[in-house]
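Take a look at the letters that make up each chain.
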Amino acid sequence: MWPLPLRLIHWISAALVIAALGLGTYMVWFVDDPAARFDLTQTHKSIGVTVLAFTMLRLCLRIRTTAPEAEPIAPLTQLAAKAAHLGLYVLLVLLPVSGWLMASTTPVRIPTRVFGLFDLPYPLGPDLPVFRFFHAVHVVAAILLAGLVALHVAAALVHAFCWRDRTLRRMGVG
Amino acid sequence: MCMRTGYRLAAALIFALMSGGALAAMAAQSWRIDETHTSIGFKLDATGFPTTRGQFRHYTGRIAIDLDRPASSSTSFTVESASVDVGSQSYNDFVKSAALLHVAKFPTLSFASTQVEKLDPRTARVTGNLTMLGVTKPIALTVNVEPDPSAKGPAKGRLAFSATATIRRSDFGMIFGLPLIDDTIEITVKTRALTDE
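Residues numbered from 1 in each chain as written. Chains lettered and ligands numbered in written order. Predicted model: local features only at pLDDT ≥ 70, side-chain atom pairs only at ≥ 80, totals over all residues. Heavy atoms only, no water.

Concerning a nonpolar patch on the surface
On the surface, a cluster of nonpolar side chains totalling about 520 Å² of accessible area is made up of Tyr 26, Val 28, Trp 29 and Phe 30 of chain A. Tracing the backbone shows Phe 30 of chain A in the loop between α1 (4-29) and α2 (34-62). (Patch = residues over 30% accessible without salt bridge, like charges linked within 9 Å, V, L, I, M, F, W, Y side chains within 5 Å. Areas by Shrake-Rupley, 256 points an atom, 1.4 Å probe, with all protein chains shown as cover. Salt bridge = Lys/Arg side-chain N within 4 Å of Asp/Glu carboxyl O. Helix = DSSP H or I, 4+ residues; strand = E, 2+ residues; numbered from the N terminus.)

Points about the interface of chain B and chain A
Opposite the 17 residues of chain B that make contact, chain A presents 17 residues. Of the roughly 1,200 Å² buried at the junction of chain B and chain A (both faces included), carbon and sulfur atoms supply 76%. The three residues of chain B that bury the most area against chain A are Pro 50, Phe 94 and Leu 180 of chain B, which together make up 38% of that side's buried surface. Viewed at the interface, chain A and chain B are joined by zero salt bridges. Run the count over chain B and chain A and you get four residue pairs in polar contact (both at pLDDT 80 or more). (Contact = heavy atoms within 4.5 Å. Buried area = accessible area lost by both parts, 1.4 Å probe. Polar contact = N/O pair within 3.5 Å; in protein donor to acceptor, adjacent residues only side chain to side chain.)

Digging into the pattern of salt bridges
One pass over the structure, following the stated rule, counts five salt bridges over all chains. Residue Asp 119 of chain A is joined to Arg 113 of chain A by a salt bridge in which the shortest nitrogen-to-oxygen separation is 2.6 Å. Its salt-bridge partner being Asp 85 of chain B, residue Arg 57 of chain B comes within 2.9 Å of it at the nearest N-O pair. On the criterion of sequence distance, the pair formed by Arg 57 of chain B in the loop between β3 (49-56) and β4 (59-64) and Asp 85 of chain B in strand β6 (residues 84-85) is long-range, its members being 28 residues apart. Among the residues examined, Arg 57 of chain B registers a relative accessible area of 43% and is labelled partly exposed. Among the residues examined, Asp 85 of chain B registers a relative accessible area of 24% and is labelled partly exposed. (Buried < 20%, exposed > 50% of the residue type's maximum accessible area, 1.4 Å probe, protein only.)

Here it is as structure tokens:
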């Protein structure tokens, strides 16, 4: 089984990522009221900052942790799993960072108040072409992360209910 | 100057315009503004963001009518910039910040008419100076007047007014968010005037 801190961060991050993806999609596609959109964007950014913080902590813990013994699965499957996990780590950093830089470079530079507690510093100044670049990165990364999360969940269920191995139990479930 | 929360622009304005004919008999009447049907609002578009429609909740105003010489009529009003309402507390706070209205430094917006011109029996153009963020520029409002179709109660005369104007906020030094947030703001003032005479 993975150590408790990593297991906790995994499930907290999972909830936050699903919330941020869902909220980001909802607020852009379904919210017509500008005040609601403004408030939801602040919430979305707050969740994104939290995801980044947990991911940084998780990476620090992960590199110092020996992984539990893997289940006996085909080498190709193992390689796919490693690639997917690496992709998740990359996107868990890329997505919030690109969002942060979007907020920093947009001409509509609204302070990001993280859960009403503090303002996120902006490392770059307003620049419309740069903003459009980070916006594109953010959207593409969100789509990729949603796809990888779906794959990750499906794979976990296959491990648990088709192959009936201990993979999901290693993350504290079952 | 009337210092209550109210807005008395339209009644005097229209009276100034509607000289002659059936309305001439109203020259000596006193009119008051129906504050429950008065609003000072604005609309602002932005790329990738819903259109913002807001209102100012607190304002004072003054009008002077000369029915014999409508062009001599005048009006002025002052809006409390901190009374802006765009739909939520956090959004209001942002609009009031230094990025946009900067209410801490500029607590009021004001308009004072300089010219009233009748265009047709139901339309007038009111030109005047708008002061916003410490900058004064001339603007023109198109004012439409209609008999109030929902007239009820003791007031014998009721008129409904709708005044609109389009301004460029950059003319007043408000450049935040350009070009993603539009430069043009559409202002709409709606009111009803009543008389019991």
